[in-house]
Structures are given as structure tokens and as C-alpha cells.
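If you want the building blocks of each chain, they are given just below.
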Amino acid sequence: MAAARRMLMAVLGVASCAAVTLPVAPALAAPAAAAPDGPALARQLVRKVTVAGVNRHLIALQRIADRNDGRRASATPGHEQSVDYVAGKLRSAGFDVTVQEFPFTFTETIAERLTVDGTDVKINLMRHSPSTPEGGLTAPLAVIPVDDTPGCEAGDFAGTDVRGKIVLIKRGACAFAKKQQLAADAGAVAAVIYNNEDGELHGTLGDPSAGRIPTGGISKVDGEALSQRAGASATLDLRELSEERTSKNVIAETRTGRKNNVVMAGAHLDSVTEGPGINDNGTGSAVLLETALKMGSSPRVNNALRFAWWGAEEYGLVGSTHYVRNLNFEQQLDIALYLNFDMVGSPNAGYFVYDGDDSDQVGAGPGPYGSAQIEKAFVDYLASRGIETEGTDFSGRSDYGEFIAQGIPAGGLFTGAEGIKTEAQAAKWGGKAGEAYDPCYHQKCDNLGNVDRVALDRNADAIAFVAASYAMDTEDVNGVPPRARRAETRALQQRAMLARAEEQHGEAA
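Residues numbered from 1 in each chain as written. Predicted model: local features only at pLDDT ≥ 70, side-chain atom pairs only at ≥ 80, totals over all residues. Heavy atoms only, no water.

**Thoughts on the pattern of salt bridges**
Here's step 1: Enumeration over the complete set of coordinates arrives at 18 salt bridges.
Here's step 2: Of the charged contacts, one joins lysine 165 and aspartate 161 as a salt bridge, the two residues approaching to 3.7 Å between their closest N and O atoms.
Here's step 3: For the salt bridge of arginine 239 with aspartate 237, the shortest nitrogen-to-oxygen distance reads 2.8 Å. Across this residue pair, the class does not change: arginine 239 and aspartate 237 are buried.
Here's step 4: A cluster of three or more residues bridged by salt bridges with shared partners is formed by Glu253, Lys259 and Arg306. (Salt bridge = Lys/Arg side-chain N within 4 Å of Asp/Glu carboxyl O. Buried < 20%, exposed > 50% of the residue type's maximum accessible area, 1.4 Å probe, protein only.)

**A word on the pairing of strand S6 (residues 190–194)**
Looking down a regular strand, the side chains alternate between one sheet face and the other.
Here's step 1: The buried fraction of S6 amounts to five of the five residues, a majority that puts the element mostly inside the structure.
Here's step 2: Burial along S6 is two-sided: Ala190, Val192 and Tyr194 facing one way and Ala191 and Ile193 facing the other are all buried.
Here's step 3: Alignment of strand S5 (residues 166–170) against S6, held across five bridges, turns out to be parallel. Each bridged residue has a counterpart across the sheet, and for lysine 170 the counterpart in S6 is tyrosine 194.
Here's step 4: For the crossover that starts at S5, traverses helix H6 (residues 176–185) and ends in the parallel S6, the hand is right-handed. (Helix = DSSP H or I, 4+ residues; strand = E, 2+ residues; numbered from the N terminus. Pairing = 2+ DSSP bridges. Right-handed = clockwise from strand over helix to strand, strands pointing away.)

**Some words on the state of the cysteines**
Here's step 1: Enumeration according to the criterion identifies two disulfides in this entry.
Here's step 2: Note that cysteine 152 is cross-linked by a disulfide to cysteine 174, the S-S spacing being 2.1 Å. Across the disulfide from cysteine 152 to cysteine 174, rotation about the S-S bond amounts to roughly -90 degrees, and the bridge is consequently left-handed. Highlighted residues: cysteine 152 in the loop between strand S4 (137–143) and helix H5 (155–158) and cysteine 174 in the loop between S5 and H6, separated in sequence by 22 residues. (Disulfide = S-S within 2.5 Å.)

**Remarks on unusual backbone geometry**
Here's step 1: Following aspartate 280, the chain continues to asparagine 281 via a peptide bond in cis, the omega torsion being 0 degrees.
Here's step 2: Mapped onto the elements of the fold, asparagine 281 is located in helix H8 (residues 278–295).
Here's step 3: In this structure, aspartate 69 takes a positive phi of about 60 degrees despite not being glycine.
Here's step 4: Looking at the secondary structure, you find aspartate 69 in the loop between helix H3 (51–66) and helix H4 (77–92).
Here's step 5: Residue alanine 173 is not a glycine yet carries a positive backbone phi of 80 degrees.

**Side note on helix H9 (residues 318–325)**
Here's step 1: In terms of residue burial, H9 counts as a mostly covered element, since six of its eight residues are buried.
Here's step 2: Turning to H9, its buried residues number three or more, namely Val318, Gly319, Ser320, Thr321, Tyr323 and Val324.

**A few points about the side chain of glutamine 373**
Here's step 1: One can find glutamine 373 in helix H11 (residues 371–384).
Here's step 2: Side chain to side chain, glutamine 373 and tyrosine 369 meet in a polar contact 3.3 Å long. (Polar contact = N/O pair within 3.5 Å; in protein donor to acceptor, adjacent residues only side chain to side chain.)

**Things to note about the environment of leucine 293**
Here's step 1: Here leucine 293 lies in helix H8.
Here's step 2: What makes leucine 293 partly exposed here is its relative accessible area of 23%.
Here's step 3: The spacing of leucine 293 and arginine 91 is 202 residues in sequence and 10.0 Å in space, taken between C-alpha atoms.

**So, the nonpolar core**
Here's step 1: The biggest cluster of nonpolar side chains holds 85 residues, and the ones touching the most others in it are Leu90, Trp309, Leu339, Phe341, Phe378, Phe403 and Leu413.
Here's step 2: The dominant element in this core, judged by the number of residues it contributes, is helix H14 (residues 453–472), at 12 residues.
Here's step 3: Core analysis: the second largest hydrophobic core is formed by 20 residues, Leu114, Val121, Leu141 and Tyr194 among them. (Core = buried A, V, L, I, M, F, W, Y, C linked by side-chain atoms within 4.5 Å.)

**Quick word on the packing of aromatic side chains**
Here's step 1: Following the criterion strictly, the structure yields 18 aromatic pairs and no others.
Here's step 2: Their ring planes at 0 degrees and their centres at 3.9 Å tell us that tyrosine 338 and phenylalanine 403 sit as a pair that is stacked. Residue tyrosine 338 is found in strand S11 (residues 335–341), and its partner phenylalanine 403 is found in helix H12 (residues 401–405); the two are separated by 65 residues along the sequence. Each member of the pair tyrosine 338 and phenylalanine 403 is classed as buried.
Here's step 3: Members of the aromatic cluster, connected to one another through ring pairs, are Tyr351, Phe352, Phe414, Trp429 and Tyr437.
Here's step 4: The side chain of arginine 127 reaches across the aromatic face of tyrosine 315, ending 4.8 Å from its centre.
Here's step 5: Positioned above the aromatic ring of phenylalanine 106, the side-chain terminus of arginine 245 is 3.7 Å from the ring centre. (Phe/Tyr/Trp six-rings, centres within 6.5 Å; stacked < 30°, edge-to-face > 60°. Lys NZ or Arg CZ within 6 Å of the ring centre and 35° of its normal.)

**Comments concerning the confidence of the model for the protein chain**
Here's step 1: Looking at the protein chain, the pLDDT average stands at 90 and 89% of residues meet or exceed 70.
Here's step 2: Counted against residues more than four places away or in other chains, residues 1–35, with its pLDDT under 50, gives 56 contacts. (pLDDT = per-residue confidence, 0-100. Contact = heavy atoms within 4.5 Å.)

**Side note on H8**
Here's step 1: H8 sits mainly inside the fold: 16 of its 18 residues count as buried.
Here's step 2: One or two residues past the end of H8 sits glycine 296, with phi positive at roughly 90 degrees.

**Quick word on the packing of helix H2 (residues 40–48) against H14**
Here's step 1: At a minimum axis distance of 8 Å, the contact between H2 and H14 shows a crossing angle of 155 degrees. Overall, the two elements H2 and H14 adopt an arrangement that is roughly antiparallel. Taken as a pair, H2 and H14 cross one another with a handedness that is right-handed. Of the residues in H14, those touching H2 at Leu41, Ala42, Arg43, Leu45 and Val46 are Asp461, Ala464, Phe465, Ala468, Ser469 and Met472.
Here's step 2: Split into classes, the residues belonging to the contact of H2 with H14 amount to eight nonpolar, one polar and two charged. (Axes fitted to C-alpha atoms, helices over the stretch in contact; angles between N-to-C directions. Parallel < 35°, antiparallel > 145°, perpendicular 65-115°, else oblique. Left-handed = near helix turned anticlockwise from the far one by under 90°. Nonpolar A, V, L, I, M, F, W, Y, C, P; charged D, E, K, R; others polar.)

**Points about the side chain of aspartate 393**
Here's step 1: Along the chain, the position of aspartate 393 falls in the loop between strand S13 (390–392) and H12.
Here's step 2: No salt bridge forms around the buried aspartate 393; measuring N to O, its nearest opposite-charge neighbour arginine 171 is 8.8 Å away.
Here's step 3: Looking at aspartate 393, its side chain comes within polar contact range of the main-chain nitrogen of alanine 364, at 3.0 Å.
Here's step 4: Aspartate 393 has contacts with Tyr354, Val362, Gly363, Ala364 and Tyr400, leaving out every residue within four places of it along the chain. (Lys, Arg positive; Asp, Glu negative; His and termini not counted.)

Quick look at the structure:
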């Protein structure tokens, strides 16, 4: 019997039964959960990626905008030069670089004005809204009653005379496009949608074919005030230029690492037409570029890293959507995960991580399997630096959208846009309660002075750490238990086999 034990243990590669010890199973966490004691590559990259290096790229983007009418919007010379800057830096560093062209509908706002009984109300034209006639249109204001689904059902318009009127609708429960479509069906000539939370309202009707009537967004405060003024005379002037153009994505990949298990990270490079876009999204683009350059084109990694700078994000996530949809299923399968960085240095910064597991129960559901692990990786790293984070919903407002739609796990960081910082958030993060995270969101003042470089530095560290960690190991995202847990499983299997062998030997005797 002892001989049988020794033979079996030799086959299993174990010295003796007494030597089989069971390691303690660690928590099921992403590689960065042990931050800052993660992979050596990740710790080294954090030291190399500095806020000074990131800021140099921001200066470059600002100067490009300054030379091109103060903007870097897709299909404008400012964006073309931004593409050249990023692609040139990457090629010089030895990356495999692809510049991918794609078509999109270029729009530029010409007029945004709402006047009610002679009083001006700040309004934002919704993307893909039809235009009013030049000079605007004047009509009485009709107010849709507020319920749990305001303006989301045809019956919401039945009890209000909206024909020939400008209709006021509260945000919530359904898409902006549906609200204005139902308003149009009821005979309204235009729609004004007001926010259901503090701050201005920016939005999109989804695509050019969805817009039926001119539609704009206003703040909650203004909307609640106008809701008491049904029948007032309103003049609405919402106009934009619209034409077909082309834009570009920049894609760069390391020469090393597995090509069938790629870690992908992206940020949109374009600004809005109204300004230089230094926080939105020069910050994400600059951090991504500095991370790639300091990582190098041939790092010692297990998984290739693919970096992307998307075009036409401000026109409805066009560049990233085009990229993902033009990959076949096997090419999509090669992407292990996608990390998204859209605004990571807002001047009144919050510290938000995309809610991969839907633990907040707000808005959209969880991301594909692996998204929860990505969320934990960022949360754990920032917690190790003493930074408490909050979740932010996969609301569909940034370039993770098509990746999630195709089942690719996603995650990332966000420091806030037009939303308002709360008292509790100001207490733990600093900054000013009652003000927007980015007061210059989508405006001319989104320049070099519109960045919190402390937040930018912290997020750059987190981005470098998590990206490099996944370059070494994506097993938790892929559903494979951590190595230590696999060792525990093997030890249990070995013990079971030894017990079975002893049992069989006893039966034979």
C-alpha cells in the first residue's frame, strides 16, 4: 500500500501526502486589486506616466486648436492635425499604427435661442434635431403633465391641446427621440425637454432619421418655472448646418503580446465645434497617449495592448461604432476587454468608475461578464491611494457603447460633465458643491485652464496601472479563476485521488 501511495504521488508530482497543503483562496478580484503591489510592469508604468508628460500633450492640443478657429472637431483642420500629432508620436515610438477613415454626418450649431414672453431661456439644441426656419418660430407654450413616464405615451398628449404649439416635456423614463416623436404625432411644432436633475440638459435624438420636430434641452430650474406658464408666447430658434463628411480613428498596437487576447483602451480625440475640447476629451486622449509611449511598442507583456483615439464621438459615437461593427466575430473575440477614458480631469472633479456590476441600480443594467471585475480593478487601485469612488452608469454617452453591445466587457474612469456636485461629494473629494463637475462642458472655455491636474494625475496612475495589469493577466475577466485558486483546486484533486487510491488498494487487499 505504501508503494502504491509513493507511485501515485510521483505521478502527481507530490513529495508526500503530508506535503500537500491547501493555499488560502484569495478574494475573486482583478489584478489591480492588490494595488500598489501588482505586477512589476504596472508599478513601473505608474512611475513613468507623469502629469507633466500628460500636460505636454494637452498643450499641443490647445495650440492645434488655437491655430484652427479654436476647435478640434471631427472633419475640421484642428482634428486632422490632432490625428497627425497622435499618429506621428506613436509611429516614432515604433507602434503599428492604422488611421481608419469613416463617413459621418457633420453638424454645426448656428442658432440656439428660446424666448418666453420676452424672457430669454438658455437652451441647447439636441443632436440630430431638425432646424427651425431662419429667425425661428413663434407659438404658444403647451405643458405636458408630469407623471412616472412624462411624454412617453400617446395618452400623455391627449389631454393637452398641443397642435401648432411648442410643447414642454420633463426628461425621464424614455428616450428624447420618443418624446419628440409623440409630440409631433400630436401636432406640436417643436419640443422643449427640461432636465429631471440639476444642471443644463444636452442630448441627442439618436440618429438623423429620428428627428421629427425641432427639439432642445433646458435646465430643471428653467423647466419647472416654464411649467407654470402654459399659453405664454414662445419663440424658438434652433438651427444647424448638416452635411456628409469623413473623419478618422487612430489605432496603435504593441508588437508584443498575444494577438488573440488583446487589451484595448480608447478615448475620443475630437472636440465639439464650440471649443478646443481640452478636458473633453483632451485629458483622456493625452493620458492614453502618454501611457502608450511610456509602455513602449514592444513591452514584455502576455497580451497585446491596442490603443484607440476615436473620431466623431461628439456626433453620436460614430468612430468607435464604425470600428467595432467592421470587425468580424473572430476579430471581436480577440478583444478581451475595453477600457474607456472620456474626461478624466474635470475642474470640479468627481471620481467615478463605470458601474460594471450594476450595484448602484441606476439606469442601464450591468456590462457583459468581466465588467464587474474591471470596475473592481479601478476601485481598488484608487482606494489604495486613499480615494473613495462612486459608480457611474453605462448611460450610452461614450465609446464603450458598441463594445458592450457586442458582449465585450468594458470599464473606465470619468470625472463628470454637466452634472452637479453634491455636498457629500464635495466633502470627500473637495471642490464646490452645487456647481457642475465641468462648468465649461462643450463650451469655448474648455481650455488648458479647465483641468484639475491633481485629478488628472491620480487618474493617469490608475489608467497606467490597470492597463498594464491586464496586459499581464486577463484571466478574471475571461472567467478563469486566479492562479492561487487553481493551485487550491489542484491540491484538492490530488488529495481526492490519493484517498481514492487508498480505498481501491484496501478493496483489492
